Amino acid sequence: MMELRPYQTKAIEQLYDWFSCNPTGNPVLNMPGGSGKSVVIASIVKDAIQKWPGTRVLMLVHSRELVAQNAEKLRTLWPNAPMGIYSASLNKRQLGEPITYAGIQSVHSKAHLLGHQDIVIVDEAHAISHTETGTYRKLLADLTATNPALRIIGFSASPYRLGHGMITDGDEALFKEIIEPVTINELIYHGHLVPLRSKLTSHRLDAQGLHKRGGDYIASEMEQRFNTDDHNTQIAAEIAALAHDRKHWLIFCSGVSHAEAFSNSLNQIGITSHWLTANDPPSIRDAKLKDFESGRVRAMCNVGILTTGYDFPALDCIAFLRATQSPGLYLQCAVRGMRPHPDKQDCLVLDFAGVVQTHGPITGVNAPEAQGSGNGEAPVKVCDNCHELCHPTV
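The structure reproduced in this document is the subject of the present report. Residues take numbers from 1 onward in each chain, read along the sequence in its written order. A pLDDT threshold of at least 70 governs which residues receive local features in this predicted model, and a stricter bar of 80 or more applies before side-chain atom pairs are shown or counted, although totals over entire chains, interfaces and linings include all residues. Only hydrogens and water are set aside when side-chain values are computed; all heavy atoms of the structure are taken into account.

Regarding the overall build of the protein
Turning to step 1, where the next piece is worked out: A run of DSSP states H or I qualifies as a helix once it reaches four residues; a run of E qualifies as a strand once it reaches two. Both are numbered from the N-terminal end. Of the regular secondary structure elements, the protein holds 13 helices and 20 strands.
Turning to step 2, where the next piece is worked out: Taking 394 residues into account, the globule formula puts the C-alpha radius of gyration at 21 Å, and the protein, at 21 Å, falls close to it.
Turning to step 3, where the next piece is worked out: Dimensions of the protein, computed from C-alpha atoms along their principal axes, come out at roughly 60 × 45 × 40 Å.
Turning to step 4, where the next piece is worked out: With 394 residues in all, the protein has 53% of them scored as buried.
Turning to step 5, where the next piece is worked out: Contacts between residues were defined by any pair of non-hydrogen atoms, one from each residue, lying within 4.5 Å. Taking contacts inside the protein between residues at least 6 apart in sequence as the whole, the part at least 24 apart equals 74%. Values of the radius of gyration come from C-alpha atoms, whereas the globule rule sets the reference at 2.2 Å times the count of residues to the power 0.38. The cut-offs for exposure are 20% and 50% of the maximum accessible area for each residue type, with area from a 1.4 Å probe on protein chains only; residues under the lower value are buried, those over the upper are exposed, and the others partly exposed.

Here's what the structure looks like:
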């Protein structure tokens, strides 16, 4: 029998209290990566079906990995759960059960097949548009037309959108209020997460002057500047020196060509490396990840593919070879290294692109403003002794 942690129980109690005080509207549970969102989701689903017979629950995510992970957690908590999975990439199209776990790309136009739903739970809810557009909003509008009493519960580690602010802001916002049952600091204090050790690097990738689109740097322009033989050679050597005692390195690159080129630079100096992109077929992707997680390959260079839903607790080094103005993306990337594991006490973060210096330590990231100049005071300072990137108050 799976036992909930105190803060997970608190999250569920706060959610129920919110619903009892708000007969309309939709809340978001702000829970950091590694806090066990899938366990809380599974508990809410089980409660809904067992306490209120006849209830129908739809759980939505945006990737096949998250569909599989969340469904597995429900099976662990409730082995006989009446659940179907609808995900084309998992080759499952199971409808008719009281519970459906689905990928949004597979069901966004299938409200007529899903039928009456009472509760919709959305993981990574910051992916939902703050205006009445997009695949999530279309499906939710269609489901609400079938059942006007439909309630939606969001989960997010970063409940904000770049260039907009909090996902509760705006006249067309889907969510009404954010509930925060636990913080990253609390999770670290209780040993549920390990701390990050962010180090200032000698070699720098300068994003100054890069153009932006949608609030973040244009990827092709950033890749053209960052992906050079000189950068790759020097950075590979510096990572090899600073992370020599680390076993599993996750490298975030600026593009597909950059990931391939940097992987080759690591291999040339004797560091076994793979590169992974969204273009890899599932079988190739799974084989590469198996090599990485088994230790046969030390470094994994990726392009935005291992930012959400990737759970590998032994990961002990992260390197940023790409810049971003998005604090949400930064959080999603950095928290990959915070899962506890017997072989590590912390995770080393090597910030070649100024990501930590832009957004601050992971325990003190601020939500983006709707219109930000990006010219505020630096959110970190550097320790003179060990070159760690620290909060300004340390």
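Examining the sheet that holds strand 6 (residues 119-123)
Turning to step 1, where the next piece is worked out: As summarised here, the arrangement of the eight strands in space is 4-3-5-2-6-7-1-10, forming an open sheet in which the pairing is mixed. Pairing within the sheet leaves two strands with one partner each, and these edge strands are strand 4 (92-93) and strand 10 (177-179).
Turning to step 2, where the next piece is worked out: As defined by bridge partners, strand 1 (residues 27-30) adjoins strand 7 (residues 151-156) across three bridges and the pair is classed as parallel. Looking across to strand 7, one finds that L29 is bridged to F155.
Turning to step 3, where the next piece is worked out: With axes taken as lines fitted to C-alpha atoms, and helix axes fitted only over the stretch in contact, angles between N-to-C directions fall between 0 and 180 degrees. Those strands touched by helix 6 (residues 134-146) are strand 2 (57-61), strand 6 and strand 7, and its axis lies near 170° from that of strand 2. Between any two strands, pairing holds if DSSP finds at least two bridges.

Side note on the packing of aromatic side chains
Turning to step 1, where the next piece is worked out: The pairing test for Phe, Tyr and Trp rings, Trp by its six-membered ring, is centres within 6.5 Å, and the orientation test on the planes gives stacked under 30 degrees, edge-to-face over 60, and tilted for anything in between. All chains considered together, the criterion is met by five aromatic pairs.
Turning to step 2, where the next piece is worked out: With a centroid separation of 6.3 Å and 45° between ring planes, the pair formed by Y310 and F312 is classed as tilted. Of the two residues examined, Y310 and F312, each falls in the buried class.
Turning to step 3, where the next piece is worked out: Aromatic ring contacts, followed pair by pair, group F252, F320 and Y330 into a single cluster.
Turning to step 4, where the next piece is worked out: By the criterion adopted, a ring carries a charge over it if an Arg CZ or a Lys NZ lies within 6 Å of its centre and within 35 degrees of its normal. The ring of W275 carries the charged tip of K288 above its face, separated from the ring centre by 5.1 Å.

Concerning empty space enclosed by the protein
Turning to step 1, where the next piece is worked out: In the cavity and pocket records, a cavity denotes points on a 1 Å grid over the protein atoms alone where a 1.4 Å probe fits but cannot get out, a pocket denotes an open set with protein on both sides within 12 Å along at least 5 of 7 lines, and lining residues are residues with an atom within 4 Å of a point. Grid points are joined across faces, edges and corners, and a volume is the space filled by probe spheres set on the points. Using the criterion set out here, one finds one cavity of 30 Å³ or more in the structure.
Turning to step 2, where the next piece is worked out: Space inside the largest cavity adds up to approximately 50 Å³.
Turning to step 3, where the next piece is worked out: Polar here means any residue other than Ala, Val, Leu, Ile, Met, Phe, Trp, Tyr, Cys and Pro, which are nonpolar, and Asp, Glu, Lys and Arg, which are charged; Gly is therefore polar. Across the lining of the largest cavity, the residue classes tally to six nonpolar, two polar and two charged.

Structural notes on the packing of helix 2 (residues 37-51) against helix 3 (residues 64-77)
Turning to step 1, where the next piece is worked out: At a minimum axis distance of 9 Å, the contact between helix 2 and helix 3 shows a crossing angle of 60°. The orientation of helix 2 relative to helix 3 falls into the category oblique. Every pair of crossing elements has a handedness; the one defined by helix 2 and helix 3 is right-handed. From helix 2, S38, V39, I41, A42, S43, V45 and K46 reach across to helix 3, where they touch N70, K73, L74 and L77.
Turning to step 2, where the next piece is worked out: In the contact of helix 2 with helix 3, the residues fall into six nonpolar, three polar and two charged. Any angle between 65 and 115 degrees counts as roughly perpendicular, while under 35 counts as roughly parallel, over 145 as roughly antiparallel, and the rest as oblique. Handedness of a crossing is defined here by the sense of rotation of the near helix relative to the far one, left-handed for an anticlockwise turn of less than a right angle and right-handed for a clockwise turn.

So, the nonpolar core
Turning to step 1, where the next piece is worked out: In this text, buried Ala, Val, Leu, Ile, Met, Phe, Trp, Tyr and Cys residues form a nonpolar core when linked through side-chain atoms within 4.5 Å. Counting residues in each nonpolar core, the largest one holds 92 residues, and the members touching the most others are I121 and I239.
Turning to step 2, where the next piece is worked out: Leaving out residues up to four positions away in the same chain, I239 has contacts with H244, W249, I251, F262, A319, L321, L350 and F352.
Turning to step 3, where the next piece is worked out: By size, the runner-up hydrophobic cluster in this structure holds 22 residues, among which are L58, A125, Y136 and L143.

So, the layout of surface pockets
Turning to step 1, where the next piece is worked out: Of the pockets and cavities examined, the second largest pocket occupies roughly 930 Å³.
Turning to step 2, where the next piece is worked out: In this structure, the second largest pocket is lined by 42 residues; those nearest its centre are P32, G33, G34, S35 and R339.
Turning to step 3, where the next piece is worked out: At the level of secondary structure, the elements contributing two or more residues to the lining of the second largest pocket comprise helix 2, helix 3, helix 7 (184-189) and helix 12 (327-334).
Turning to step 4, where the next piece is worked out: With five residues, the single largest contributor to the lining of the second largest pocket is helix 3.
Turning to step 5, where the next piece is worked out: Classifying every residue of the lining of the second largest pocket gives 14 nonpolar, 18 polar and 10 charged.

Structural notes on the pairing of strand 16 (residues 299-302)
In the case of a regular strand, side chains alternate between the two sheet surfaces.
Turning to step 1, where the next piece is worked out: Residue alternation in strand 16 divides its side chains into two sets, A299 and C301 and M300 and N302, and both sets are buried.
Turning to step 2, where the next piece is worked out: When strand 14 (residues 249-252) meets strand 16, the two strands line up parallel, connected through four bridges. Looking at strand 16, one finds that I251 is bridged to C301.
Turning to step 3, where the next piece is worked out: Note that strand 15 (residues 273-276) and strand 16 share four bridges and pair parallel. When the bridges of strand 16 are listed, H274 appears paired with M300.
Turning to step 4, where the next piece is worked out: When the strands point away from the viewer and the connection leading from the first strand across the helix to the second strand turns clockwise, the crossover is called right-handed. The parallel pair strand 15 and strand 16 is bridged by helix 11 (residues 282-294), and the resulting crossover is right-handed.

Side note on the pattern of salt bridges
Turning to step 1, where the next piece is worked out: For this document, the term salt bridge refers to a Lys or Arg side-chain nitrogen within 4 Å of an Asp or Glu carboxyl oxygen. Under the defined criterion, the tally for this structure stands at 14 salt bridges.
Turning to step 2, where the next piece is worked out: The closest approach of N and O atoms between E65 and R64, which form a salt bridge, is 3.4 Å.
Turning to step 3, where the next piece is worked out: R246 is the salt-bridge partner of D245, the closest N and O atoms lying 3.9 Å from each other.
Turning to step 4, where the next piece is worked out: Given a relative accessible area of 14%, R246 falls into the buried group.

Considering the side chain of H248
Turning to step 1, where the next piece is worked out: With respect to the helices and strands, the residue H248 is situated in the loop between helix 9 (229-242) and strand 14.
Turning to step 2, where the next piece is worked out: In this structure H248 comes out as buried when scored by relative accessible area, which is 9%.
Turning to step 3, where the next piece is worked out: We define a polar contact as two N or O atoms separated by no more than 3.5 Å, with the added condition that, inside protein, one atom must be a possible hydrogen donor and the other a possible acceptor, whereas residues neighbouring each other in sequence contribute only through side-chain atom pairs. There is a polar contact of 3.3 Å between the side chain of H248 and the backbone oxygen of F292.
Turning to step 4, where the next piece is worked out: Every residue in contact with H248, bar those within four places of it in the chain, is listed here: F292, E293, G295, R298, F312, A314, L315, D316 and C317.

Nothing here speaks to function; it is geometry throughout.
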